[in-house]
Amino acid sequence: MSFETISVIGLGYIGLPTAAAFAARKKKVIGVDVNQQTVDIINKGEIHIVEPELDMVVHAAVTEGYLRATTSPEPADAFLVAVPTPFKENHEPDLSYIQAAVDAIAPVLKQGDLVILESTSPVGATEMMAEWLASARPDLTFPQDAGENSDISVAHCPERVLPGHVMRELVENDRIVGGMTSSCARRSVELYRTFVEGECIVTDARTAEMCKLTENAFRDVNIAFANELSVICDKLDINVWELIGLANRHPRVSILQPGPGVGGHCIAVDPWFIVSRTPELAKLIKTAREVNDDKPHRVIDQVKISIQEYLQNNLDKNIKDVCVACYGLAFKADIDDLRESPALLIAQKIAQEHAGDVVFVEPNDEQLSAGVLGAARQCALSEAMEKADIHVLLVDHKEFNDNVDKFSELEYLTDTRGLVK
Ligand SMILES: NC(=O)c1ccc[n+]([C@@H]2O[C@H](COP(=O)([O-])OP(=O)(O)OC[C@H]3O[C@@H](n4cnc5c(N)ncnc54)[C@H](O)[C@@H]3O)[C@@H](O)[C@H]2O)c1
């Protein structure tokens, strides 16, 4: 059975580009989101997120009638669930968004439909989703009970696109397709083939779930190694950037770069989904999370030392006279995304604790909402460099790289990105 109508549940950074990609291939797409404002914006042919090329594709899809958004699900041949999967206070995964999506789509399901979980999920979440669907629709059969011949097919196909390059990567990246049965996987591959030009590699749902988590845990563990080295080198008075450059001359060594910590909604979150399922076994993965979460506090300690040194060398000044400048708040270079950003955490802590002035520079969002850093003031790069006494480089944005010579002249610089080396 072919897919005439496709429904995407959750129209955020992942769901909206996916809906647009199907619609661009002239599929009828019904996008569903609980946020009325999001729905209204999309139905005007506009977008509510920043992603290159997405605006053009959505505009064309809506104007030509292939994409429509709504707050309540309607019948379709395939449902792709792309809702948030954050963690709770105790680092346990919060599956309530998936459960709410299931409750909403269950009433409109019909025999022959395919349901795909795209949200990054802990191992077992797809099976749980299938159980929730089965309890809501006892009149239909599901793969966990009816195997290959179930009325409804269920699969997990995680997303691994890079923000800023989503429209290209959606098409070109390989897809891991984890079916609850082989016929679920086969149907999912048929669906993704609508626009995916990369390879669609078939596995089971649990392996697909673990694959996505593994990719991000791998990055986290490797960054933690670099971050731990940076703390050790600081203690031993060794330049970590030089050290890593030298060690990477070994043909089989490739150490990543340290930084102020790990941010974003993926690498800083997903490894906890492995830890929460197997706490007694995931020792290295948990330690890596702790090392990376601890790094911002180490940076704050370095800034305090820098302030003390400044005061010792300027006996006519007291702490209230010292101005601190923080460069960059985003969780990585050249974006405006502040989610889980260690740079933001460091700057907020400095703004709270420092008795003197604090200024910050964020070239990718020059109109940050007032209060994001308490009384700290946003200012231009040149003003911060001129006025501040203590400088804290937190993100290697292009604008800062372009001024590396000026940064290297600053006497009291905490350089968390190795810009000056
Ligand atoms: N953004 C990324 O780069 C990225 C990359 C890979 C995987 N992921 C994963 O994809 C999933 C979605 O992430 P995102 O970045 O698109 O999130 P997002 O916050 O940008 O979008 C989620 C959308 O879902 C909507 N929503 C919430 N509950 C809903 C419900 N019950 N029914 C319908 N809509 C609902 C929200 O209003 C929001 O518009 C997460 O599991 C995330 O970990 C994200």
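See the structure above.
Attention here is on the structure that accompanies the text. (Residues numbered from 1 in each chain as written. Predicted model: local features only at pLDDT ≥ 70, side-chain atom pairs only at ≥ 80, totals over all residues. Heavy atoms only, no water.)

### Description of the overall build of the chain
Here is step 1: Counting its regular elements, the chain contains 16 helices and 13 strands.
Here is step 2: A globule of 421 residues ought to have a C-alpha radius of gyration of about 22 Å, and the chain, at 24 Å, matches this closely.
Here is step 3: By principal-axis analysis of the C-alpha atoms, the chain measures approximately 80 × 50 × 40 Å.
Here is step 4: Counting over 421 residues, the chain shows a buried share of 52%.
Here is step 5: Excluding contacts between residues fewer than 6 apart, the proportion of contacts in the chain whose partners are at least 24 apart in sequence is 70%. (Helix = DSSP H or I, 4+ residues; strand = E, 2+ residues; numbered from the N terminus. Rg over C-alpha atoms; globule rule 2.2 N^0.38 Å. Buried < 20%, exposed > 50% of the residue type's maximum accessible area, 1.4 Å probe, protein only. Contact = heavy atoms within 4.5 Å.)

### What to know about the pattern of salt bridges
Here is step 1: Applying the stated criterion across every chain, the model contains 20 salt bridges.
Here is step 2: Between Arg289 and Asp293 there is a salt bridge, with its nearest N and O atoms 3.0 Å apart. Here the residue Arg289 and the residue Asp293 both occupy positions in helix H12 (residues 283-313), the gap between them amounting to four residues, near one helical turn.
Here is step 3: Residue classification places Arg289 among the buried positions, given a relative accessible area of 1%.
Here is step 4: Looking at Asp293, the relative accessible area reads 36%, which means it is partly exposed.
Here is step 5: By sharing partners, the salt bridges in this structure join Asp77, Lys110 and Asp113 into a single network. (Salt bridge = Lys/Arg side-chain N within 4 Å of Asp/Glu carboxyl O.)

### Examining helix H2 (residues 36-43)
Here is step 1: Among the residues of H2, those classed as buried are Thr38, Val39 and Ile42. Down the axis of H2, the buried side of the element spans an arc of 100°, and every buried residue falls inside it.
Here is step 2: The secondary structure elements touched by the buried residues of H2 are helix H1 (15-24), helix H3 (54-63) and strand S3 (67-70).
Here is step 3: Where H2 begins, one side-chain oxygen reaches toward the backbone nitrogen of Gln37, 2.9 Å away; that side chain belongs to Asn35.
Here is step 4: Within two residues after H2, Gly45 carries a phi angle of roughly 80°, on the positive side. (Arc of directions from axis to C-beta. Polar contact = N/O pair within 3.5 Å; in protein donor to acceptor, adjacent residues only side chain to side chain.)

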